[in-house]
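Secondary and tertiary structure notes
Residue strings, one per chain:
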Amino acid sequence: MRKQITGQAAPPSTRRPDELDIPALATAVLTSESADHPIENIFDDRRGPGGTRWVAEIPGEQILTLSFDRPQNLHRMELEIEEPNETRTQELELLLSQDGGQSFRHVLRQEFNFSPGSTFEREVWNLNQAGVTHVRLHIKPDKGGRPCRATLTSLVLA
C-alpha cells in the first residue's frame, strides 16, 4: 500500500539496505484479512514477538500472492509467525512464478508448531532465484483440521 500522511514525520526505518520495499514493488492478493490485522502489518518494521501481524478474517486455508510490478531477483526470504492463543501446527508452502503468474513452482513446505511454551517462530530461507514475478504462500492454519485462522508477523524478501 502506498500512502502518505502530511504533517507527520515518518518513523525511522529498520529495513536493511538489501531488503525489498515490498509495498512499493508489489500488489498483495489474498483470500482474507481481519480489519484489526491487515496484510500491511507483515511489511512494517514492527517485527519479532509482540510485533504487528496479519490475521485471516476467516478460518481455513489461505493464499497470499505477491505480484511484482517488475521481475525481482530474490536471494533470501525471512518469515516470522506468532501465535499466542492457539495450540496448533500451521503449514506453509512457498511457490514462485517467473512467467507472470501463469505457472508456479514449489520451493518448500514448512510446519510451525505453536503451544503455550512456544508461541513464536522465525525462519530464513535462501532462495537465489532470478526474474521472480510472483511469490505465493499457501497457508494451512491447522494441520489437524480445526477451524483456526492463519497468521503471519513479518515477511521480508531480499
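Scroll up for the structure.
Since we're looking at a predicted model, the values are computed, not measured.

Of regular secondary structure, the protein chain possesses one helix and eight strands. Secondary structure of the protein chain in N-to-C order comes out as α-β-β-β-β-β-β-β-β. Taking 158 residues into account, the globule formula puts the C-alpha radius of gyration at 15 Å, and the protein chain, at 15 Å, falls close to it. Seen through its C-alpha atoms, the protein chain measures out along the principal axes to roughly 45 × 40 × 25 Å. Within the span of the protein chain, comprising 158 residues, buried residues form 43% of the whole.

With that settled, consider the pattern of salt bridges. Under the definition given, this model contains 13 salt bridges. One salt bridge in this structure joins Arg122 and Glu80, with 3.3 Å as the shortest N-O distance. Residue Arg122 is located in strand β6 (residues 120–140), and its partner Glu80 is located in strand β3 (residues 62–82); the two are separated by 42 residues in the primary sequence. Overlapping salt bridges bring together Asp18, Arg76, Glu78, Glu80 and Arg122 as one network.

Once that is clear, we can look at the nonpolar core. Side chains of a nonpolar character, in soluble globular proteins, are inclined to be buried together. Core analysis: the largest hydrophobic core is formed by 32 residues, its most contacted members being Leu66, Met77, Leu79, Val135, Leu137, Leu152 and Leu157. Elements with a contribution of two residues or more to this core: α1 (22–25), β3, β4 (88–97), β5 (105–114), β6 and β8 (154–157). Per-element accounting of this core gives the leading share, seven residues, to β3. Ignoring any residue separated from it by four or fewer positions in sequence, one finds Leu157 in contact with Asp18, Glu19, Leu20, Ile22, Leu66, Phe68, Leu74, Arg76, Met77, Leu127 and Val135.

Let's shift gears to the environment of Thr87. Inspection of the secondary structure puts Thr87 in the loop between β3 and β4. Each C-alpha atom, one on Thr87 and one on Leu127, is 30 Å from the other, the two residues being 40 residues apart in sequence.

In this section: the environment of Pro84. Following the sequence through the fold, Pro84 ends up in the loop between β3 and β4. When the C-alpha positions of Pro84 and Val29 are compared, they lie 26 Å apart, and in sequence the two are 55 residues distant. Excluding its chain neighbours within four sequence positions, the residues that come into contact with Pro84 are Arg53 and Thr119.

Now for a negative patch on the surface. Where like charges cluster on the molecular surface, the negative patch consists of Glu33, Asp36, Glu40 and Glu57. With respect to the helices and strands, Glu57 occurs in the loop between β2 (54–55) and β3.

Let us now look at the packing of aromatic side chains. Inspection of every chain in the model, using the stated rule, returns zero aromatic pairs. Taking NZ or CZ as reference, Arg136 lies 3.9 Å from the ring centre of Phe104, over its face.

Moving on to the side chain of Gln90. Turning to its location among the elements, Gln90 is positioned in strand β4. Here Arg88 takes part through its side chain, which lies 2.7 Å from a polar atom of the side chain of Gln90. Among the polar contacts made by the side chain of Gln90, one reaches the main-chain carbonyl oxygen of Thr151 at a distance of 3.1 Å. What Gln90 contacts, discounting residues up to four positions off in sequence, is Ile81, Gln110, Glu111, Phe112, Phe114, Ile139, Lys140, Pro141, Ala150, Thr151 and Leu152.

A few words on the pairing of β6. In this sheet, β6 lies alongside β3 in antiparallel orientation, the contact comprising 15 bridges. Considered in β6, the bridge of Arg76 is made with Asn126. Alignment of β4 against β6, held across seven bridges, turns out to be antiparallel. Within β6, the residue paired with Leu96 across the bridge is Val135.

Conventions and cut-offs
- Each chain has its residues counted from 1, running along the sequence as written.
- Two thresholds apply to this predicted model, a pLDDT of at least 70 for residue-level local features and 80 or more for giving and counting side-chain atom pairs, whereas whole-chain, interface and lining totals are computed over all residues.
- Where side-chain values are given, they derive from all heavy atoms of the structure, hydrogens and water being excluded.
- In DSSP terms, a helix is any run of H or I states spanning at least four residues, a strand is any run of E spanning at least two, and both are numbered starting from the N terminus.
- Radius of gyration means the value over C-alpha atoms here, while the globule rule gives 2.2 Å times the residue count to the 0.38 power.
- The buried label applies to any residue whose accessible area, calculated with a 1.4 Å probe on protein chains only, is under 20% of its type's maximum; exposed applies above 50%, and partly exposed to all values in between.
- The term salt bridge refers to a side-chain nitrogen of Lys or Arg lying within 4 Å of a carboxyl oxygen of Asp or Glu.
- We call a set of buried Ala, Val, Leu, Ile, Met, Phe, Trp, Tyr and Cys residues a nonpolar core when their side-chain atoms join them within 4.5 Å.
- Only heavy atoms enter the contact rule, under which two residues are in contact if any of them lie within 4.5 Å.
- Patches draw on residues past 30% relative accessible area with no salt bridge. Two like charges within 9 Å are joined, as are two nonpolar side chains (Val, Leu, Ile, Met, Phe, Trp, Tyr) within 5 Å.
- Only the protein chains shown count as cover for residues, with accessible areas throughout obtained via the Shrake-Rupley method and a probe of 1.4 Å.
- Positive charges are assigned to Lys and Arg, negative charges to Asp and Glu, while His and the chain termini are left out of the count.
- Here the site of a charge means NZ on Lys, CZ on Arg, CG on Asp, or CD on Glu.
- Pairing of aromatic side chains requires ring centres within 6.5 Å, counting the rings of Phe and Tyr and the six-membered ring of Trp. Pairs whose planes differ by under 30 degrees are stacked, by over 60 edge-to-face, and all others tilted.
- Distance and angle both matter: a charge sits over a ring if NZ of Lys or CZ of Arg is within 6 Å of the ring centre and within 35 degrees of the ring normal.
- Each polar contact in these results corresponds to two N or O atoms within 3.5 Å; when the atoms are within protein, one needs to be able to donate a hydrogen and the other to accept it, and residues that are neighboring in sequence are counted only if both atoms are side-chain atoms.
- Two strands are counted as paired when DSSP detects at least two bridges linking them.

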